[in-house]
Amino acid sequence: VLVFLMWWVMMIAMMVPSAAPTVLLHAALTRKTAKTAHAPRLATVFLAGYLVAWAGFSVLATALQWALELHGYLSPTMMALVGNSLAGAVLLLAGVYQLTPLKNVCLDHCRSPFQFLLTRHRAGLGGVFRMGLEHGSYCLGCCWFLMALLFVGGIMNLYWIAGLALFVAVEKLAPMGGLFGRIAGGGMIAAGLWVLVRNYA
């Protein structure tokens, strides 16, 4: 339970800043289309739906961490993968995922909050929760492999956490964020191949 809470709090700290524009835009649109008094409650429900999506990821990350520790693939002190072959493979696969159509589709939704809110609008608390959950699912589809890089750099490595959070923010919010993500994907592939080749040379 404590490990799950650690992952979930970490995901909240890393992902909410990049999701803030969508949450704030939803609140602004709600003020114009519903009673102003209901806007804060609806914004909170939308954010709750978003965070539930990342709670699901945190459950899976907790299970994966437990399995890796159980089989000796994760350092108990650094909480990072033991051995360069696994780390290189994760880097390589994360880079490949950056270039896939699924990544691009999810990133497009994250980078176009107005279009998402316009096309996925639902009324009522349940509808707003579903909107938040759906937006969180797109965000999860965009960033889950980036979060897997925490196993490479160290789950408790604050510099690695801050670097990934900044990466996500730039990819989602910067004007050329999509291009930045694809270039970074190429860099991850190169880094992963370098680690693997160096390990087996």
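Note: the structure precedes this text.
One numbering rule holds for all chains: residues counted from 1, following each sequence as written. Only residues with pLDDT of 70 or above have their local features reported here, since the model is predicted, and side-chain atom pairs are shown and tallied only from 80 upward, although totals for entire chains, interfaces and linings are computed over all residues. With hydrogens and water excluded, all non-hydrogen atoms of the structure serve as input to the side-chain values.

**A look at the overall build of the protein chain**
Here's step 1: Tallying secondary structure elements over the protein chain gives nine helices and zero strands in all.
Here's step 2: When the helices and strands of the protein chain are listed from N to C terminus, the series reads α-α-α-α-α-α-α-α-α.
Here's step 3: Each radius of gyration reported is based on C-alpha atoms, and the globular scaling rule is 2.2 Å times the count of residues to the power 0.38. Relative to a compact globule of 201 residues, whose C-alpha radius of gyration would be 17 Å, the protein chain shows 18 Å and is just as compact.
Here's step 4: Relative accessible area decides the class of each residue, using a 1.4 Å probe on protein chains only: under 20% of the type maximum gives buried, over 50% gives exposed, and in between gives partly exposed. By the burial criterion, 45% of the 201 residues in the protein chain qualify as buried.
Here's step 5: Sequence-distant contacts in the protein chain: of pairs separated by 6 or more residues, those separated by 24 or more amount to 76%.
Here's step 6: For the accessible areas, the method is Shrake-Rupley and the probe is 1.4 Å, while residue cover comes only from the protein chains on display. Roughly 10,400 Å² of accessible area belongs to the protein chain as shown, and the carbon and sulfur atoms make up 74% of that amount.
Here's step 7: Lys and Arg are tallied as positive, Asp and Glu as negative. Neither His nor the chain termini are counted. Where a charge lies is defined by one atom per residue type: Lys uses NZ, Arg uses CZ, Asp uses CG and Glu uses CD. With 12 positive and 4 negative side-chain charges, the protein chain shows a separation of 11 Å between the mean positions of the two kinds. Helix and strand assignments come from DSSP, with helices taken as H or I runs of at least 4 residues and strands as E runs of at least 2, each series counted from the N terminus. In what follows, a contact means two residues having at least one pair of non-hydrogen atoms within 4.5 Å.

**Regarding the layout of surface pockets**
In this approach a probe as big as a water molecule rolls over the atoms, and the regions it shows empty are the leftover space.
Here's step 1: Two kinds of site are reported from a 1 Å grid over the protein atoms alone, namely cavities, where a 1.4 Å probe fits but cannot get out, and pockets, open sets with protein on both sides within 12 Å along at least five of seven lines, and residues are called lining when an atom falls within 4 Å of a point. Grid points are joined across faces, edges and corners, and a volume is the space filled by probe spheres set on the points. Taken as a whole, the second largest pocket spans an internal volume of roughly 240 Å³.
Here's step 2: Around the second largest pocket sit 14 residues that line it, and Leu64, Leu68, Val90, Ala148 and Phe151 are the ones nearest its centre.
Here's step 3: Mapped onto the lining of the second largest pocket, the elements with two or more residues apiece are helix H2 (39-70), helix H3 (84-98) and helix H6 (124-148).
Here's step 4: Sort the elements by how many residues they give to the lining of the second largest pocket and H2 lands first, with five residues.
Here's step 5: Charged means Asp, Glu, Lys or Arg here, nonpolar means Ala, Val, Leu, Ile, Met, Phe, Trp, Tyr, Cys or Pro, and polar covers whatever is left, Gly included. The residue makeup of the lining of the second largest pocket, split by class, is 14 nonpolar, no polar and no charged.

**Focus on a nonpolar patch on the surface**
Here's step 1: Taken together, the side chains of Val1, Leu2 and Leu5 define a hydrophobic patch exposed on the protein surface, amounting to about 360 Å² of accessible area.
Here's step 2: Tracing the sequence through the fold places Val1 in the segment before helix H1 (2-33). Exposure above 30% relative accessible area and the lack of any salt bridge qualify a residue for a patch; like charges then connect within 9 Å, and the nonpolar side chains Val, Leu, Ile, Met, Phe, Trp and Tyr within 5 Å. Think of a salt bridge as a Lys or Arg side-chain nitrogen and an Asp or Glu carboxyl oxygen that are within 4 Å of each other.

**Observations regarding the pattern of salt bridges**
Here's step 1: All chains considered together, the criterion is met by one salt bridge.
Here's step 2: Among the ionic pairs, Glu171 bridges to Lys103, the shortest N-O distance being 3.0 Å. In this pair, Glu171 is assigned in helix H8 (residues 158-173) and Lys103 in helix H4 (residues 101-111), connecting sequence segments 68 residues apart.

**A word on the side chain of Thr62**
Here's step 1: With respect to the secondary-structure elements, Thr62 resides in helix H2.
Here's step 2: Polar contacts, as used here, are pairs of N or O atoms within 3.5 Å; protein pairs need one atom able to donate a hydrogen and one able to accept it. Residues neighboring in sequence count only if both atoms are side-chain atoms. Among the polar contacts made by the side chain of Thr62, one reaches the main-chain carbonyl oxygen of Ser58 at a distance of 2.7 Å.
Here's step 3: Setting aside chain neighbours within four positions, we find Thr62 in contact with Val3, Phe4 and Trp7.

**Quick look at the state of the cysteines**
Here's step 1: In this description, the term disulfide denotes a pair of cysteine sulfurs within 2.5 Å. What the rule picks out here adds up to zero disulfides.
Here's step 2: We note that Cys106 lacks a disulfide partner, and the nearest cysteine sulfur, in Cys142, lies 6.7 Å from it.
Here's step 3: With relative accessibility at 5%, the residue Cys106 sits in the buried group.
Here's step 4: In this model Cys142 remains outside any disulfide bridge; the closest cysteine sulfur is found in Cys143, 3.7 Å from its own.
Here's step 5: What makes Cys142 buried here is its relative accessible area of 1%.

**So, the packing of aromatic side chains**
Aromatic ring pairs are reported here in terms of the distance separating the ring centres and the angle at which the planes meet.
Here's step 1: Note on aromatic pairs: the rings of Phe, Tyr and Trp (six-membered ring only in Trp) are paired at centre separations within 6.5 Å, and the planes decide the class, stacked below 30 degrees, edge-to-face beyond 60, tilted for the rest. Applying the stated criterion to the full structure yields eight aromatic pairs.
Here's step 2: A connected cluster of aromatic rings, assembled from ring pairs, spans Trp7, Trp54, Phe57 and Phe151.

**Observations regarding the packing of H2 against H6**
Here's step 1: Running from N to C, H2 and H6 cross one another at 40°; their axes reach a closest spacing of 7 Å. Overall, the two elements H2 and H6 adopt an arrangement that is oblique. Relative to H6, the crossing made by H2 is right-handed.
Here's step 2: Residue composition of the contact of H2 with H6, by class: 19 nonpolar, five polar and one charged. Axis lines are fitted to C-alpha atoms, over the contacting stretch for helices. Their N-to-C directions set the angle, which ranges from 0 to 180 degrees. Reported orientations rely on four angle classes, namely roughly parallel under 35 degrees, roughly antiparallel over 145, roughly perpendicular from 65 to 115, and oblique for the rest. By definition, any crossing whose near helix is turned counterclockwise from its far helix by less than a right angle is left-handed, and any crossing with a clockwise turn is right-handed.

**What about the packing of H3 against H6?**
Here's step 1: Two elements in contact, H3 and H6, have axes separated by 9 Å at closest approach and are oriented at 165°. Classed by the angle they form, the pair H3 and H6 counts as roughly antiparallel. As for the relative orientation of H3 and H6, their crossing is left-handed in sense. Counting all contacts with H3, which are made through Val90, Leu93, Ala94, Tyr97 and Gln98, the residues of H6 involved are Gly141, Cys142, Trp144, Phe145, Leu146 and Ala148.
Here's step 2: A breakdown of the residues in the contact of H3 with H6 according to their chemical character gives nine nonpolar, two polar and no charged.

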